[in-house]
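Overview (structure and organization)
Residue-level listing of the chains:
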Amino acid sequence: ACEALKALAEEPLLLLSREWARLANNRDLVLSTPRYDLVLMDEAHAARRRANVEGEFNSGNLLLDLLRQMQLRGRTRGILLLSATPMQTQPWEPWDLLSVLGAGGRWLAGFEEIRDYYGAVGRLSRGLQVSLPAARPVINLVVEDEAFPALPGGHRPHAQALQRRLTFPHGAAEARETSDWLRKGAPLGRQMHRNTRETLRAYHKLGMLEAPPPTRQVADVVFDYQDERERDVYKAIKTYIDRRFEQLEGEKAGKGFVMTVYRRRLASSPYALKASLRRRLHKLEQVIKALTPAALVWTDEDETIADRLELEPDLDVLLDEALPKSAEVAHAEAADIRHLLGRLDGLDQTDSKRDRFFGVLERALADSRRVLVFTEYADTMRYLRDWLRPVYKERIGCYSGEGGRVIEDGEWKAVTKAEITRRLFAGQLDVLICTDAASEGLNLQEASVVINYDLPWNPSRVEQRIGRVDRIGQARAQVWVRNLFLADSVDMRVYELLRQRCGLFTHFVGHMQPVLDQARRAL
């Protein structure tokens, strides 16, 4: 702590881990030092509200609270927030970051007026007028914002003139002009600077980059079970998940959401699902043990249920909302899971998804490309790496929250992030299997293919995966992205809906304007 305090007080340039800085004791050190000239935070989207719901505006996670305290206490003259995904699934996420940059007043009183504001902007952009009730939130936000730029023509916006422009624009051209003015004048337009691939293409035309950014070839690889036993097991497990979901929802709305974990791991791999079912079976057996009458006789007054079950207190099964509250129900579910595990074991090495994936992988390697394979689960990562190891031997590696692994002397050996990157660039690795731990902080543009073995229910995280290869320095003119889906699965339908969320960012921020002039100004 003394060394950190000395460095924070004396060094002119500091590089801090955000994970270190957000912790309570370290945060106090960061806030107690002389005033900073500039605080720059990369991956700023990690500063978020605690719960991803609209009503949680004032409840930030540790990182967002740190940034807020810096701004409120005047601990820095400037803040620059960097993120490739400032909005991941909810439109209010960029506005939480705007609060750190000093935006306030009515703009941050609640999100309903902002939603109405951009609804009106969207209508005007299509050359349509806005009804008077829909115009009122826009008028209130603009008139009360003293920093809002002047109307086209140079006049300070006032309620009457703005109402006329919104409700009775002189033709589609004026409506679109008003829409553009409103979008650029809002805090999001004033304080967000966007760089996109179009920016890079403009820089390339100006000779500032040696090569233009690559294009993307994206394809969904839809597979179906080739063995009827797989389909039967899938249906049996889906029935179990659906039944347990309904039971939990019947007890309390929202409790059934935990079963989503099993649905997603079912879509990932049999190995991941088996691991989850075994863990659940273990917990059910603990519930049965805890709720058996003889087990409730304490011999030590200081002994807790967690002690008795050899669990940490925060894993106390009797407090787990997703577990049964009676031994009888737990017995019945445990029997169901044992039956399902037996059926999964009966499939032996049968796995249609893995086989289809192998064909996609082979085609990429045949084109002399190096490949990143992403999965949400470390269980699936281990399953794939061990299955592929006899084929690719030392030319396969993996990366997860535990770090990197490569084959040396016939065994998996732990290596650093830097070593994984070095081996990929040196051509020593052809295939790198990753969890989302690799989707930030790794520059892997030596690879040019991303295979999403399974997909997170957050399109922005998929964009982060692709960003490992689609970046400056990518030698290929085209990068490949392949997404694996089971035909007619819940997972596929959910992701189709989530893809539509990508349009939310354009709705609130707008399409990227031509950037050639901006690039020229940067010269």
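Quick summary incoming for the structure in this document. The structure presented is a predicted model; accordingly, all values stated were derived computationally and were not measured.

All right, on to empty space enclosed by the protein then. Scanning all chains against the criterion turns up 3 cavities of 30 Å³ or more. When its volume is computed, the largest cavity comes out at roughly 390 Å³. In this structure, the largest cavity is lined by 31 residues; those nearest its centre are Y225, Y234, L266, A267 and S268. Breaking the lining of the largest cavity down by element, the ones donating at least two residues are helix 12 (228-251), helix 13 (259-268), helix 14 (270-291), strand 10 (478-486) and helix 21 (490-509).

Looking now at the packing of helix 12 against helix 13. Relative orientation of the contacting elements helix 12 and helix 13 amounts to 165°, with a least axis distance of 9 Å. Between helix 12 and helix 13, the interaxial angle falls into the category roughly antiparallel. Judged by the sense of rotation from one axis to the other, the crossing of helix 12 with helix 13 is left-handed. Of the residues in helix 13, those touching helix 12 at Y234, I237, K238, Y240, I241, D242, R244, F245 and L248 are M259, Y262, R263 and L266. When its residues are assigned to classes, the contact of helix 12 with helix 13 shows 9 nonpolar, no polar and 4 charged.

Quick look at the environment of H170 now. By secondary structure assignment, the location of H170 is in the loop between helix 8 (159-167) and helix 9 (171-185). A sequence separation of 41 residues divides H170 from Q129, and the C-alpha atoms of the two residues are 9.6 Å apart. Within the structure, H170 has its side chain in polar contact with the side chain of R164 (distance 3.4 Å).

Definitions and limits used
- Residues numbered from 1 in each chain as written.
- Predicted model: local features only at pLDDT ≥ 70, side-chain atom pairs only at ≥ 80, totals over all residues.
- Heavy atoms only, no water.
- 1 Å grid on protein atoms, 1.4 Å probe; cavity = no way out; pocket = protein on both sides within 12 Å on 5 of 7 lines; lining within 4 Å.
- Points joined across faces, edges and corners; volume = space filled by probe spheres on them.
- Helix = DSSP H or I, 4+ residues; strand = E, 2+ residues; numbered from the N terminus.
- Axes fitted to C-alpha atoms, helices over the stretch in contact; angles between N-to-C directions.
- Parallel < 35°, antiparallel > 145°, perpendicular 65-115°, else oblique.
- Left-handed = near helix turned anticlockwise from the far one by under 90°.
- Contact = heavy atoms within 4.5 Å.
- Nonpolar A, V, L, I, M, F, W, Y, C, P; charged D, E, K, R; others polar.
- Polar contact = N/O pair within 3.5 Å; in protein donor to acceptor, adjacent residues only side chain to side chain.

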